[in-house]
Amino acid sequence: MNDKVFIEEQFPVSKISKESYKERKAGASQTLTGLGKWWGRKPLILIRASIIGMLMPVSDNPKKDRDIFLKILTMNDEGLWLRRSKSIPAKVIQNTLSKDEWNDISQDEKGNLKRSWSTGLSNEQKEKIIYNVFNTLSYDDKLTYCNRPEQIEGPDQSTWNDINAHLGTHANNLQELVVELGKKRFGHTPKVGDCFCGGGSIPFEAARLGCEAFGSDLNPVAAMLTWASIHLIGGGKKVQQEVMDAQKKAYEAADKQITEWGIEHNDKGWRADAYLYCVEARCPATGLMLPLAPSWVISEKYNVCAVLKRNDKIKGYDIDIITGADKNTMAQARLGTVRNNRMICPETGEEFSISGIRGDKVVNGKTVYGLRLWEKDDLVPMPDDVFQERLYCVRWVETYVEKNSQGELVEKKRHHVLSVTKNDRKREKQVLKILTERYKEWQKNGFIPDRKIEPGYNTDQPIRERGWTHWHHLFNPRQLLINGLLSFLLSDISKNSETLISGLLHIGLCSDWNSKLLRWVSHIRKTGMGGVNQSFYNQALNTLYNYSARNLMSLYSYRIKLPILDLKNYGCIVDVRDARTINVIMDLWITDPPYADAINYHELTDFFLSWYEKQIRFIFPEWYTDSKKALAIKGSGNDFKESMVDIYSRLTKKMPDTGIQMVQFTHQSSSVWADLAMILWAAGLKVTAAWTISTETAVGIKKGNYVQGTVLLILRKRLSNETAFLDEVYPEIEDEVRNQLDHMMELDDKDDPNFGDTDYQLAAYAAALRVLTQYSEIEGQDIQHELFRERDPGDKSAFEKVIDRAVEIASDHLVPAGLNKHYWKSLAASERLYLKGIELEKHMEARSGAYQELAKGFGVRDYNFLFAKTKANAVRFKTGSEFKRSHLGGNDFSGSLIRNILFAIHETVKSEDAREGLKWFHAEIDNYWHHRKLIIEILNYLSNSIHIPHMPHWEKDADAALRLAGAVENDHGGRM
Ligand SMILES: C[S@@+](CC[C@H](N)C(=O)[O-])C[C@H]1O[C@@H](n2cnc3c(N)ncnc32)[C@H](O)[C@@H]1O
């Protein structure tokens, strides 16, 4: 029996990439993001497509299989129509229709249609027109008017009839289908697990689809987010209401308390909405305490800035806030007092390194950092500390009433950005006093952190740069008091695990949005008033010279807002554990492992864990509450490989023989994944397919971006212990690669291509791996031995050579569109590289990695001279006119037919006369008459680069190629 599943045979990578990108672009309104910060959450549509692809059987009609797969995911025409969420503007409709069609439909209604699409035509007429127009749009354009697949119920009933007829099922919804497919394949509801569940995408989507899901992670923050995705988002209306009520109540109580304390209001009754603080240090040039900031601008739009005024009485500076500052003052403010980690003295212009100010020293070749390390109980710097902290500006909001044009009284708000007054300083003292009275108790009960910062790659930064040793040192007294008060109230009000966890997650968001890592942005466009960036605006713990603190109510916008989804109580177990100790059996393991130093989850998450840990213990007494740094998978060396082999060997054991695995990872370069393939091979798995999905950016808009592909490797258990020899394996691989590519090309849609050049390349790797990984030994060497063998750089194993050979086969096999296979075969490798490079450019591929892979595939080493541009993500090959006379004549490419053709094009462009090009052929090409047909073929191919909007540099050359092709065709040897 053929037990292959859909994803082992094909996958609509282009459409899934587009859908994934759309989901990513939804930003904060993605389903899981509102629960809390996580780095690298996988798009839910990618998981949905993966699970369906791993369960759906294949028939002997791959095209029909694909149609059915797209129907299940509502990614076919009807599905997209069903997902429509926005109306199509009349203008788009007019542009899409031909003039006649437009005139037809709008004969007596045209005026109405133009003025407003909503009047004139009957609803039925409109719907029909929109339907027709919609179906003429490209997939990308359709998506702009659509919801995401997860935002609708799924296919309609008539589509279910088609799906059931093809698959022999009886489903009326996605969950029923998934359960039925699971039963057919495994005899029960499919069990889907992820032992690196992170932000929870995989178990969440698996549970939503009706699988029995399992998600675990080493990190308790990840487990908490995953638990929340299932129980809060999946909790339905009741939970949503409880969560909303608890948060509202907590804020009301906090607001009352803050108002009573009088720490956010001034004498006029105005309330502050932002506080700006800076660090100050003694300037070696003047001996004065100098406030530090890279810029003193507060609002670019309203010309608000801080101005430093020397005050010898206080041995420092007063800071005045000016609104409506003149040009010079603003320019001065923009310079700041610290630049490139150097303090700049405003009096003398002298610069001093911050490292020197801190007192860092090199002792015995090692840097010893100079700052005093803060004691646990320090809430502010000690008077002798190098860096002091100071409030320098408060932004106040005045609320007043005014009559509007109808004479009604309406409430209005006005901002005042002001210098710090005596009373402000009093309030700061009051804040410290209130906090001091409570913080020990709050720490004991886990409402504010007391955890030490463990040294590490990212965590060393706050220790080294500020002397902060505990996580609460990353918050100033005002921030600790507000976040802590909320934490206490949310916990106090909560009645069950759901509200407690939502409260904690909210505190996580508050700490991300109210810490000393909050960068002030003076050019926020929305209001022009200036605003803040979250602490984790990148994946680091960057200390700042000036930062902002928020008022209480501004944090309310970060409350947990849950999209209501009904998960119908499908099962999902969430656990905290090292993946090496997994003890559940799953039919499908879908994992996205940490790979090669990408993100230091175990360090960064301590920022949040320090706020959660004591309270998590109440809710999940069986969970541990540290980040288990020592067990986290890191690096890319032998430790990494060993842990990964351990984990994947374990997962392989923990699945039935019919089980399937998918390993996802987002790669930096297309070669790194070969390493991972070796790891999985050594773990007893065999590769059955590989696909790349672009989750980071739109396919087709590859201009100058940093596209990251997520590679999906599909794997099965290796059930036999066969050995093979390379001479047997090579022909098998050659056939497999060719078959794979032919199959993909046959399936591909000419109008809306599914596969790009790199997809074919990856498919070639996968085909080679499919052959290789069936064997546990090659040439008598086992793969474990090979994986851990010490190797010199450049020393290629037999395995890698086989994989390289697969790519070579693919490169030869993939003839650029528009060229005859017979001629293609007659060209040298460097010539093929050039022509294929032009094809890549036509497909908007501008990543240097793609060109490198191509060169590798053709076995061409020396190709840098072909590039017109070498910027990492904007590369392309030169045109003939750009080459001019360079690299002309000699060996290899310089003396090749293509190079001569390019020069003849150059001559034709320069002289505006094809005869000049022809002359060159006659004079320089041996055996010109013999090569004539090939020359015409290539000239025609190059002339296809004309009128391509993103290739304007080819315009003249392509035109010349066309004329020259004509000239060669008409060349019968007469005099020129
Ligand atoms: C790339 S992330 C997974 C992201 C996840 N797929 C998502 O959609 O959010 C990798 C995860 O592996 C976890 N991890 C690292 N070492 C681990 C170990 N030894 N056992 C289990 N999980 C580990 C990290 O905490 C991190 O959450």
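These figures come from a predicted structure and were not determined experimentally.

Enquirer: Honestly, the overall build of the protein chain in this entry has me stumped. Any pointers?
Expert: Counting its secondary structure elements, the protein chain contains 37 helices and 27 strands. Taken against the 2.2 N^0.38 rule, which gives 30 Å for 976 residues, the C-alpha radius of gyration of the protein chain at 33 Å falls within 12% of a compact globule. For the protein chain, the C-alpha atoms occupy an extent of roughly 95 × 85 × 70 Å along the three principal directions. Taken across its 976 residues, the protein chain has 56% of its residues classed as buried.

Enquirer: In this structure, what is going on with the site of the ligand? I would like to understand it.
Expert: Near the ligand you find 25 residues, and of these K42, G199, D217, A579 and D592 are the closest. In the environment of the ligand, an oxygen atom lies 2.7 Å from a nitrogen or oxygen atom belonging to the side chain of D217. Surface burial for the ligand is 97%, taken as the share of its 600 Å² of free accessible area covered by protein chains. Per-class residue counts for the shell around the ligand are 12 nonpolar, six polar and seven charged.

Enquirer: Got a minute to help me understand the nonpolar core in this structure?
Expert: A general tendency of soluble globular proteins is for nonpolar side chains to be buried together. If you look at the biggest cluster of nonpolar residues, it comprises 243 residues, and the most contacted ones within it are F11, L292 and L505. Ranked by residues supplied to this core, first place goes to helix α27 (residues 757–772) with 11 residues. Setting aside residues up to four positions removed in sequence, L505 forms contacts with L35, M224, L225, A228, L232, I560 and Y612. Counting 53 residues, the second largest nonpolar core, distinct from the first, contains W824, L840, Y941 and A958.

Enquirer: Just checking my understanding: could you explain a negative patch on the surface for this structure?
Expert: A grouping of D727, E728, E732, D735 and E779 is seen on the molecular surface, where their side chains present a negatively charged patch. Within the secondary structure layout, D735 lies in helix α26 (residues 726–747). In this structure D735 comes out as partly exposed when scored by relative accessible area, which is 47%.

Enquirer: Help me understand helix α20 (residues 477–493), please; the structure alone is not making it clear to me.
Expert: An α-helix turns once every 3.6 residues. As a result, residues three or four positions apart point the same way. Under the 1.5 Å per step criterion, the end-to-end length of α20 is 24 Å for 17 residues, consistent within 8% with the ideal 24 Å. Counting buried residues along α20, 14 of its 17 residues qualify, which places the element largely inside the surrounding structure. Near the N-terminus of α20, the side chain that reaches the backbone nitrogen of R478, with its oxygen 3.1 Å away, is that of N476.

Enquirer: It is not clear to me how the sheet that holds strand β1 (residues 191–194) should be interpreted in this structure. Could you clarify?
Expert: Adjacent strands of a sheet pair through backbone hydrogen bonds, lying either parallel or antiparallel. Judged by pairing direction, the sheet is mixed, and its seven strands sit side by side in the order β18-β2-β1-β19-β20-β22-β21 without closing on themselves. Of all the strands in the sheet, the pair left with one neighbour each is β18 (572–576) and β21 (685–694). Sheet twist, expressed as the mean angle between neighbouring strand axes with direction ignored, is 15°. The pairing of β21 with strand β22 (residues 709–717) spans nine bridges and is antiparallel. Counterpart to A689 in the pairing with β22 is I714.

Enquirer: How should the packing of helix α14 (residues 220–233) against helix α21 (residues 497–513) be read in this particular structure?
Expert: Any two packed helices are characterised by the angle at which their axes cross and by the distance between the axes. Running from N to C, α14 and α21 point in directions that differ by 130°, and their axes come no closer than 10 Å. Taken together, the axes of α14 and α21 lie oblique to each other. Between α14 and α21 the crossing geometry is left-handed. In contact with M224, L225, W227, A228, H231 and L232 of α14, α21 contributes S497, E498, I501, S502, L504 and L505.

Enquirer: Explain the packing of helix α34 (residues 897–911) against helix α35 (residues 914–924) to me, please; I cannot follow it from the model alone.
Expert: Close contact between α34 and α35 brings their axes to 7 Å; oriented N to C, the two are set at 150°. By the angle between their directions, the pair α34 and α35 is classed as roughly antiparallel. As α34 packs across α35, the resulting crossing turns out to be right-handed. The segment α34 lies against α35, with N900, I901, F903, A904, E907, T908 and S911 engaging A914, E916, G917, W920, F921 and E924. Along the lines of polarity and charge, the residues of the contact of α34 with α35 split into six nonpolar, four polar and three charged.

Enquirer: Help me understand the packing of aromatic side chains in this model?
Expert: The geometry of an aromatic ring pair is captured by the separation of the ring centres together with the interplanar angle, meaning the angle of the planes. Enumeration according to the criterion identifies 39 aromatic pairs in this entry. Taking 6.2 Å as the distance between ring centres and 75° as the angle between the ring planes, the aromatic pair formed by W824 and F858 counts as edge-to-face. Placement of the pair is W824 in helix α30 (residues 821–825) and F858 in helix α32 (residues 848–858), with a sequence separation of 34 residues. Residue classification places W824 among the buried positions, given a relative accessible area of 0%. Between F883 and F893 the ring centres are 6.3 Å apart and the planes differ by 35°, which places this aromatic pair in the tilted class. Linking F883 in helix α33 (residues 880–883) with F893 in the loop between α33 and α34, this pair joins segments that are 10 residues apart in sequence. Neither residue differs from the other here; F883 and F893 are each classed as buried. These aromatic residues form a ring-pair network of at least three members: W38, W39, W471, F475, F536, Y601, F607, F608, W611 and Y612. The lysine or arginine in question, K268, covers the ring of W270, its NZ or CZ lying 4.6 Å from the ring centre.

Enquirer: It is not clear to me how the side chain of E9 should be interpreted in this structure. Could you clarify?
Expert: With respect to the secondary-structure elements, E9 resides in helix α1 (residues 6–9). Exposure remark for E9: the relative accessible area of 14% places this residue in the buried category. Sequence-distant contacts of E9, defined by excluding residues within four places in its chain, comprise K4, V58, P62, W691 and H743.

Enquirer: Just to check I follow, could you spell out the sheet that holds strand β23 (residues 722–724) for this structure?
Expert: Taken together, the three strands give an open sheet; going across it, the order is β23-β24-β25, and neighbouring strands pair in mixed fashion. Across the chains shown, the open sheet's two edge strands, defined by having one partner strand only, are β23 and β25 (781–782). Where strand β24 (residues 775–778) meets β25, two bridges bridge the pair, whose relative direction is antiparallel. The partner of I778 across the bridge, within β25, is Q781.

Enquirer: What am I meant to see in helix α2 (residues 13–25) here?
Expert: Helix length check: α2 (13 residues) gives 18 Å between terminal C-alpha atoms against 18 Å at 1.5 Å per residue, within 8%. Among the 13 residues that make up α2, 10 are buried, leaving the element largely enclosed by the rest of the structure. For α2, the set of buried residues is V13, S14, K15, I16, S17, K18, E19, S20, Y21 and E23. Buried-residue contacts for α2 involve α3 (44–55), α4 (62–72), α5 (77–82), α10 (139–144), β21 and α27. At the C-terminal side of α2, G27 shows a positive phi close to 50°.

Enquirer: For this particular structure, what's the right way to read the pairing of strand β13 (residues 388–403)?
Expert: Consecutive residues of a regular strand have side chains that alternate between opposite faces of the sheet. Here strand β3 (residues 271–282) pairs with β13 via nine bridges, running antiparallel. Considered in β13, the bridge of C278 is made with R390. Taken together, the 10 bridges between β13 and strand β14 (residues 409–418) define a ladder with antiparallel strand orientation. If you follow Y400 over to β14, its bridge partner there is K412. Here β13 hands over to β14 after five residues, with G407 in that stretch at a positive phi of 80°.

Enquirer: Help me out: how do you make sense of the environment of G818 in this one?
Expert: With respect to the element layout, G818 can be found in the loop between α29 (798–813) and α30. Assessed through its relative accessible area of 57%, G818 is described here as exposed. Along the sequence, G818 and N944 sit 126 residues apart, while their C-alpha atoms lie 8.6 Å from each other. In contact with G818, other than residues within four places in its own chain, are E937 and Y941.

Enquirer: Even after reading the chapter, I still don't get the pattern of salt bridges, so can you show me in this structure?
Expert: As a working rule, side chains carrying opposite charge can pair if their charged atoms are close by. In total, this model carries 58 salt bridges according to the counting rule given. The salt bridge involving E437 is made with K433; its shortest N-O contact spans 3.2 Å. Placement of the pair is E437 and K433 together in helix α18 (residues 422–445), with a separation of four residues, close to one helical turn. The class for E437 is exposed, based on a relative accessible area of 51%. Each of the salt bridges in this network shares a partner with another, and the network as a whole consists of R48, R148, E150, E205 and R208.

Procedures and definitions
Residues numbered from 1 in each chain as written. Predicted model: local features only at pLDDT ≥ 70, side-chain atom pairs only at ≥ 80, totals over all residues. Heavy atoms only, no water. Helix = DSSP H or I, 4+ residues; strand = E, 2+ residues; numbered from the N terminus. Rg over C-alpha atoms; globule rule 2.2 N^0.38 Å. Buried < 20%, exposed > 50% of the residue type's maximum accessible area, 1.4 Å probe, protein only. Near = heavy atom within 4 Å. Polar contact = N/O pair within 3.5 Å; in protein donor to acceptor, adjacent residues only side chain to side chain. Areas by Shrake-Rupley, 256 points an atom, 1.4 Å probe, with all protein chains shown as cover. Nonpolar A, V, L, I, M, F, W, Y, C, P; charged D, E, K, R; others polar. Core = buried A, V, L, I, M, F, W, Y, C linked by side-chain atoms within 4.5 Å. Contact = heavy atoms within 4.5 Å. Patch = residues over 30% accessible without salt bridge, like charges linked within 9 Å, V, L, I, M, F, W, Y side chains within 5 Å. Salt bridge = Lys/Arg side-chain N within 4 Å of Asp/Glu carboxyl O. Lys, Arg positive; Asp, Glu negative; His and termini not counted. Charge placed at Lys NZ, Arg CZ, Asp CG, Glu CD. Expected span 1.5 Å × (residues − 1). Pairing = 2+ DSSP bridges. Axes fitted to C-alpha atoms, helices over the stretch in contact; angles between N-to-C directions. Parallel < 35°, antiparallel > 145°, perpendicular 65-115°, else oblique. Left-handed = near helix turned anticlockwise from the far one by under 90°. Phe/Tyr/Trp six-rings, centres within 6.5 Å; stacked < 30°, edge-to-face > 60°. Lys NZ or Arg CZ within 6 Å of the ring centre and 35° of its normal.

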